[in-house]
Amino acid sequence: MTRTRPVLAAAAAAVLLLAGGCSGDSSPPPTPARPSASAPPAGPGAAADTSCNPRASLRPSGSLPAPGRMPAGSYMATIQQRGRLVLGTSQDTLLFSSRNPFTGEIEGFDVDMGRQIAEAIFGDPDRIQIKVIGYDKRVSSAVDGSVDLVADTMTANCARWKDVTFSSIYYEAGQKVLVSTDSTVRSIEDLGGKRVCSAAGSTSYDNIGKVRSKPIPVALPAFGDCLVAFQQNEVDAISTDDTILAGMAAQDPYAKVVGPRFTEEPYAMAMSPAHPEFTRFVNAVLERNRANGTWKATYERWLGDFGPAPQPPKAQYK
Amino acid sequence: MSTALAPPPATIGGPPVPRRPGPLRRVGALRHTSPGRLQLLLAVLLTLGVFTGLTAGLTGRSAAAGTGDLGRRAQPLLAEAETIYSALADADTTAAQAFLAGGLEPPPLTRRYEDDLARATAALTSAARRTPEGSTSADVVQGLAAGVARYAGLVATARATNRQGLPVGASYLSAASTLNRQTLLPQAQSLFRIAQREVGDGYRDAASAAWIALLALLTVALLAALVAGQIHLSRATKRTFNLPLLAATALTLLFAAGAGGVLAGQNVHLDRAGEQGSAPAAALAEARILALRERGDEALTLAARGGGGAYETDFQQTSRDLRAALDRSFPAPSAADSHRLYVEQHGQVRRLDDGGDYDAAVARAIGPQTTRPFEAMTAALDAALAERKAVFTDEIGAAGRGLGALTVLGPLAALVVCGLAVAGIRARLEEYR
């Protein structure tokens with residue numbers, strides 16, 4: 001978090017960061033007035049919504065209840081009664097939430113975050129139902145209760161805080177660029193006039209439109225589709241959070257991730273604001289897992305190839 | 001015949017030929033002499049005979065060509081369009097089911113996919129032969145051929161990446177499915193519609209109504225001329241019968257009866273081919289298209305893991321359409337029952353999936369409980385379709401029968417009639433020399 005300000009300053013200097021702190025996705029609130037995405041000034045969250053500290057969530061209250069003994073009347077008890085936690089995520093973001101082609105299971109860092117919540121409620125991480133939701137459905141799915149929890153490389157930002165409640169931050173990402181290995185491109189600025197892909201409904205997409213050298217933003221339904229388009233030479237580059245790009249580069253030996261992070265993307269889980277006790281519970285689980293090494297183990301399991309686990313993001317509370 | 005109507009030319013008083021007569025006037029003058037009248041009669045008979053013969057040949061040819069086009073081109077094109085559609089829809093469903101199964105594709109599904117693709121490609125090749133160059137249908141076939149190649153490439157890449165355990169394989173599959181559903185299937189459907197229209201036109205062309213009317217008119221005129229000629233001759237020559245002309249009349253009557261029989265038979269068989277062949281076959285083909293769409297929607301709903309609400313909505317709509325189609329006195333009665341069973345099973349699949357038991361939902365969707373009624377339904381539709389196609393082929397074959405003979409024997413009969421007319425009248429003309 002202390003990193004935020006220097007990066008913000010750098011980004012501001014580059015006139016890149018109009019969406020301030022919001023990126024990776026720009027799924028609109030439930031009744032959005034989506035501006036045409038290529039019109040930069042109209043982008044959602046334009047001119048950095050700094051009306052809040054998006055990293056600050058609700059403080060956990062007291063100690064965690066024992067698994068299977070959720071306090072009566074709480075939303076956790078509702079979930080316990082139902083017998084499963086419904087997690088909203090995607091199935092094509094390798095390392096975070098993707099379908100394992102061998103087993104057909106959806107797995108990754110984000111899915112493990114959800115499984116840890118299920119374990120805290122039931123004592124069994126398998127009591128989880130995974131719903132694949134579109135990038136542009138992440139806010140609305142959390143709000144309308146079709147999922148209990150969204151963990152889908154979702155950036156906590158002030159625009160979204162108006163509709164959903166975020167947990168404390170569980171991962172720090174930032175937007176970069178993926179190009180082919182023989183490319184001389186060193187940052188997004190070098191891609192002027194080139195076709196750069198991102199998922200529809202992501203702020204990564206909006207950010208591409210704000211780059212000074214004017215790359216051509218291309219929106220596809222999911223990041224997996226972007227990789228297909230990249231491999232079919234339909235786009236020249238993909239730009240989104242470095243974590244998502246790392247998952248793509250791992251699938252394509254002819255792709256590399258370049259450039260500095262030109263945005264800050266703090267990932268958090270999104271929930272309906274109707275159940276603050278659930279958010280406090282989730283934060284308590286995160287707090288415990290940061291302390292007991294579970295977070296580190298999860299990082300090493302999925303992201304260990306990129307080096308040793310950093311310190312987990314420190315929780316901030318309101 | 002028009003002797004009484006023509007005003008007598010003022011300058012000509014009798015048999016002597018005027019000094020500088022125009023050809024028309026010369027012909028007009030013929031009616032004032034007995035041999036002239038005979039010459040006129042002969043001319044009329046020969047003209048009518050030649051035209052009747054010509055028209056008989058052309059009618060036979062047009063009807064034969066129309067019937068042949070219907071049987072060899074339009075209807076097969078319709079069948080091919082349906083094959084292309086169903087093969088592509090089935091390939092999409094099979095690919096989605098193989099994806100659902102996880103891990104490596106089960107070999108039966110791979111075989112089925114390969115088989116689907118082979119069927120689609122074969123049907124495209126023969127459809128290309130049946131579409132005239134530059135026509136809309138030829139453009140559609142070309143677009144489909146290019147699209148199918150692209151589709152096959154995407155699926156092949158999806159498989160290769162799947163083998164390496166890369167999740168992008170799923171994205172390739174979804175790109176392939178999108179191409180299939182949003183581009184190829186609509187193209188196949190428009191080819192189907194074009195072929196349907198061509199079959200309708202084909203029936204009209206095969207019936208050759210205008211040619212038949214002309215032929216009937218000419219035949220009646222020829223008969224009338226023959227009869228009138230004989231009456232004239234028997235009055236003028238005191239001989240009751242002129243044998244060659246009598247024979248010509250008999251032959252013309254025979255010809256009229258024969259041609260009438262052949263053409264009426266053709267029309268009856270054409271009607272039957274339409275009512276018992278083409279029409280039910282088209283309904284069956286459409287029902288099969290709907291059935292495949294249902295199955296595809298089911299698999300894609302599951303593959304989208306909760307993100308497939310649109311597919312399920314489409315399933316419900318398609319299911320309603322199919323139910324409505326099957327309930328009408330449908331040519332495949334057992335299909336409706338199988339469909340009911342299948343939809344029940346689909347309900348189970350949705351209940352399991354919505355209840356959070358994804359694995360059980362997938363197992364049920366690709367398992368025998370659901371597969372069996374679905375395949376019973378498509379098998380019933382296939383069998384009925386094959387039956388209807390056979391009826392069509394038989395009826396079209398029957399409709400074409402005799403048309404070749406009409407094309408050849410019609411002009412020949414007319415030639416003989418002409419010959420007889422010449423023979424019958426020349427004998428009388430000789431008497432004036």
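Just so it is clear, the model here is predicted, and its values are computed rather than measured.

Some details on the overall build of chain A
Along its length, chain A carries ten helices and 17 strands. The buried share among the 318 residues of chain A stands at 54%. Put simply, of all contacts in chain A between residues at least 6 apart along the chain, 74% involve residues at least 24 apart.

Topic: the interface of chain B and chain A
Chain B puts 17 residues into the contact, and the matching count from chain A is 21 residues. It is helix 5 (residues 168–207) of chain B that contributes the most residues to the side of chain B that touches chain A, six residues altogether. Here the side of chain B that touches chain A is composed, by residue class, of seven nonpolar, nine polar and one charged.

A short note on the nonpolar core
Ile238 of chain A together with Ile84 of chain B are the most contacted members of the largest nonpolar core, which totals 191 residues. Examining the composition of this core, we find that 24 residues originate from one element, helix 2 (residues 34–101) of chain B, more than from any other. Three or more residues apiece are contributed to this core by two domains, here domain 1 (71–171 + 266–305) and domain 2 (175–263) of chain A. Not counting residues up to four positions away in its chain, the partners in contact with Ile84 of chain B are Ala120, Ala123, Leu124, Ala127, Leu144, Ala188 and Leu191 of chain B.

Points about unusual backbone geometry
Excluding glycine, residues mostly carry a negative phi; peptide bonds, for their part, are mostly trans. With a phi close to 85°, Leu95 of chain A is a non-glycine residue in the positive phi region. Considering the arrangement of structural elements, one finds Leu95 of chain A in the loop between strand 3 (92–93) and strand 4 (97–99). Residue classification places Leu95 of chain A among the buried positions, given that 22 C-beta atoms sit within 10 Å. Although it is not a glycine, Ser208 of chain B sits at a positive phi angle of roughly 40°. Along the chain, the position of Ser208 of chain B falls in the loop between helix 5 and helix 6 (209–237).

What about the environment of Arg401 of chain B?
Residue and element names in this part refer to chain B. Assignment of secondary structure puts Arg401 in the loop between helix 11 (368–400) and helix 12 (403–430). Its 14 C-beta neighbours within 10 Å are what place Arg401 among the partly exposed residues. Measuring from C-alpha to C-alpha, the distance between Arg401 and Val262 comes to 7.7 Å, with 139 residues separating the pair along the chain.

Considerations on helix 7 (residues 243–303) of chain B
Residues and elements named next belong to chain B. With 61 residues, helix 7 should reach 90 Å at 1.5 Å per residue; the first-to-last C-alpha distance of 86 Å fits that figure. Along helix 7, the helix axis deviates most sharply at Gly274, where the bend reaches about 35°. Among the residues trailing helix 7, Arg305 stands out with phi positive, at a value near 50°.

Overview of the packing of helix 7 of chain B against helix 10 (residues 358–366) of chain B
All names here are of chain B. Packing of helix 7 against helix 10 brings their axes to within 11 Å, and their N-to-C directions diverge by 160°. With respect to each other, helix 7 and helix 10 are oriented roughly antiparallel. Regarding helix 7 and helix 10, the two cross each other, and that crossing is left-handed. Where helix 7 abuts helix 10, its residues Glu298, Ala299 and Leu302 lie against Ala361, Val362 and Ala365. Of the residues assigned to the contact of helix 7 with helix 10, the class counts are five nonpolar, no polar and one charged.

Examining the domain arrangement of chain A
Residues and elements named next belong to chain A. As far as domains go, chain A holds domain 1 (71–171 + 266–305) and domain 2 (175–263). Placing a centre on the C-alpha atoms of domain 1 and another on those of domain 2 gives a separation of 26 Å. Contacts between domain 1 and domain 2 engage eleven residues on the former and 17 residues on the latter.

Details of the sheet that holds strand 11 (residues 195–199) of chain A
Residue and element names in this part refer to chain A. Taken in spatial order, the five strands make up an open sheet running 12-11-13-10-14, and their pairing is mixed. Looking at strand neighbours, the two that pair on one side only are strand 12 (216–220) and strand 14 (255–258), the edges of this open sheet. Direction aside, neighbouring strands of the sheet carry axes that sit 35° apart on average. Where strand 11 and strand 13 (residues 237–241) come together, two bridges link them in parallel fashion. Note that in strand 13 the partner of Cys197 across the bridge is Ile238. Along the sheet, helix 7 (residues 223–231) contacts strand 11, strand 12 and strand 13; its crossing angle with strand 11, the most-contacted strand, is approximately 155°. Running at roughly 135° to strand 13, helix 8 (residues 242–249) makes contact with strand 10 (175–180), strand 13 and strand 14 of the sheet.

Cut-offs used in this document
- Residues numbered from 1 in each chain as written.
- Chains lettered and ligands numbered in written order.
- Predicted model: local features only at pLDDT ≥ 70, side-chain atom pairs only at ≥ 80, totals over all residues.
- Helix = DSSP H or I, 4+ residues; strand = E, 2+ residues; numbered from the N terminus.
- Buried ≥ 20, exposed ≤ 12 C-beta atoms within 10 Å, placed from the backbone.
- Contact = placed C-beta atoms within 7 Å.
- Nonpolar A, V, L, I, M, F, W, Y, C, P; charged D, E, K, R; others polar.
- Core = buried A, V, L, I, M, F, W, Y, C linked by C-beta atoms within 7 Å.
- Domains from an automatic or database assignment.
- Expected span 1.5 Å × (residues − 1).
- Bend = angle between axes of the 7 residues up to and from the residue.
- Axes fitted to C-alpha atoms, helices over the stretch in contact; angles between N-to-C directions.
- Parallel < 35°, antiparallel > 145°, perpendicular 65-115°, else oblique.
- Left-handed = near helix turned anticlockwise from the far one by under 90°.
- Pairing = 2+ DSSP bridges.

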